[in-house]
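# A look at the structure
Here is how the chains run, residue by residue.
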Amino acid sequence: QVQLVESGGGLVQAGGSLRLSCAASGRTFSYYAGGWFRQAPGKERELVAAISWTAGSINYADSVKGRFTISLDNAKSTLYLQMNSLKPEDTAVYYCAVGVYSGSGFKPHLDYWGQGTQVTVSS
């Protein structure tokens, strides 16, 4: 089992910044990659960023490149998403996930979604 708890969301004005955290517990070492997804009301869940700590690979959605940074603190088993230059289009519930990263991209383990954290960006 893996438990994931997201935090750090909130209300921010356009151009502002937020730092999201994803605390993982349980059998975290069974997985070698992690990522952040987001979902706005009525929209599909989309991958924002992913990182593989074994392959040393990172990728971002085109919409957030240059603004968001994903990172991992191994000692704390915590994933982070630093979000800068936020736009109203970034408004969504943000979720983290663990899984695998291959040539086809990040594939999350679908059993381990957390509660998510709400990010609201006002204009």
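Residues numbered from 1 in each chain as written. Predicted model: local features only at pLDDT ≥ 70, side-chain atom pairs only at ≥ 80, totals over all residues. Heavy atoms only, no water.

## Description of the overall build of the protein chain
Tallying secondary structure elements over the protein chain gives zero helices and eleven strands in all. For the protein chain, the α and β elements follow one another from N to C terminus as β-β-β-β-β-β-β-β-β-β-β. For the protein chain, the spread of C-alpha atoms along the three principal axes comes to 40 × 30 × 25 Å. Buried residues in the protein chain amount to 41% of all 123 residues. When contacts within the protein chain are restricted to residue pairs at least 6 apart in sequence, those whose partners lie at least 24 apart make up 57%. Carbon together with sulfur atoms contributes 49% to the accessible area of the protein chain, which is approximately 6500 Å² in total. (Helix = DSSP H or I, 4+ residues; strand = E, 2+ residues; numbered from the N terminus. Buried < 20%, exposed > 50% of the residue type's maximum accessible area, 1.4 Å probe, protein only. Contact = heavy atoms within 4.5 Å. Areas by Shrake-Rupley, 256 points an atom, 1.4 Å probe, with all protein chains shown as cover.)

## Let's talk about the sheet that holds strand E8 (residues 78-83)
Strand order in the open sheet formed by four strands is E1-E3-E8-E7, with antiparallel pairing between adjacent strands. Strand pairing shows two members of the sheet lacking a second neighbour, strand E1 (2-7) and strand E7 (68-73), which therefore form its edges. On average, each strand axis in the sheet is inclined to that of its neighbour by 15°, with strand direction left out of account. Here strand E3 (residues 18-26) pairs with E8 via six bridges, running antiparallel. If you follow alanine 23 over to E8, its bridge partner there is threonine 78. (Pairing = 2+ DSSP bridges. Axes fitted to C-alpha atoms, helices over the stretch in contact; angles between N-to-C directions.)

## Regarding the nonpolar core
Membership of the largest hydrophobic core comes to 27 residues, with the highest contact counts inside it found for Leu4, Trp36, Val48, Phe68, Leu81, Met83 and Tyr94. Those elements that place two or more of their residues in this core are E1, E3, strand E5 (46-52), E7, E8, strand E9 (92-102) and strand E11 (117-122). With near-sequence residues (within four places) excluded, methionine 83 lies in contact with Gly16, Ser17, Leu18, Leu20, Arg67, Phe68, Tyr94 and Val119. In this structure, Ala33, Ala50, Ala97 and Phe106 belong to the second largest nonpolar core, which totals five residues. (Core = buried A, V, L, I, M, F, W, Y, C linked by side-chain atoms within 4.5 Å.)

## Examining the side chain of threonine 78
Relative to the helices and strands, threonine 78 is located in strand E8. Of note is the side chain of threonine 78, whose polar atom sits 2.9 Å from the backbone oxygen of lysine 76. Aside from chain neighbours lying at most four places away, what touches threonine 78 is Ser21, Cys22, Ala23, Ser71, Leu72 and Asp73. (Polar contact = N/O pair within 3.5 Å; in protein donor to acceptor, adjacent residues only side chain to side chain.)

## Side note on the environment of leucine 20
Considering the arrangement of structural elements, one finds leucine 20 in strand E3. For the pair leucine 20 and threonine 117, spaced 97 residues apart in sequence, the C-alpha to C-alpha distance is 8.1 Å. Excluding residues that lie within four positions of it along the chain, leucine 20 makes contacts with Ser7, Gly8, Gly9, Trp36, Leu79, Tyr80, Leu81, Met83, Tyr94, Thr117 and Val119.

## Quick look at the state of the cysteines
Linking two cysteines covalently through their sulfur atoms gives a disulfide. Overall, the coordinates contain one disulfide when judged by the stated rule. Disulfide pairing places cysteine 22 opposite cysteine 96 at an S-S distance of 1.9 Å. What sets the handedness of the cysteine 22 and cysteine 96 disulfide is the S-S torsion sign, and at about 60° it is right-handed. One end of the pair, cysteine 22, is in strand E3; the other, cysteine 96, is in strand E9, with 74 residues separating them in the sequence. Summarising the burial analysis for this pair, cysteine 22 and cysteine 96 share the class buried. (Disulfide = S-S within 2.5 Å.)

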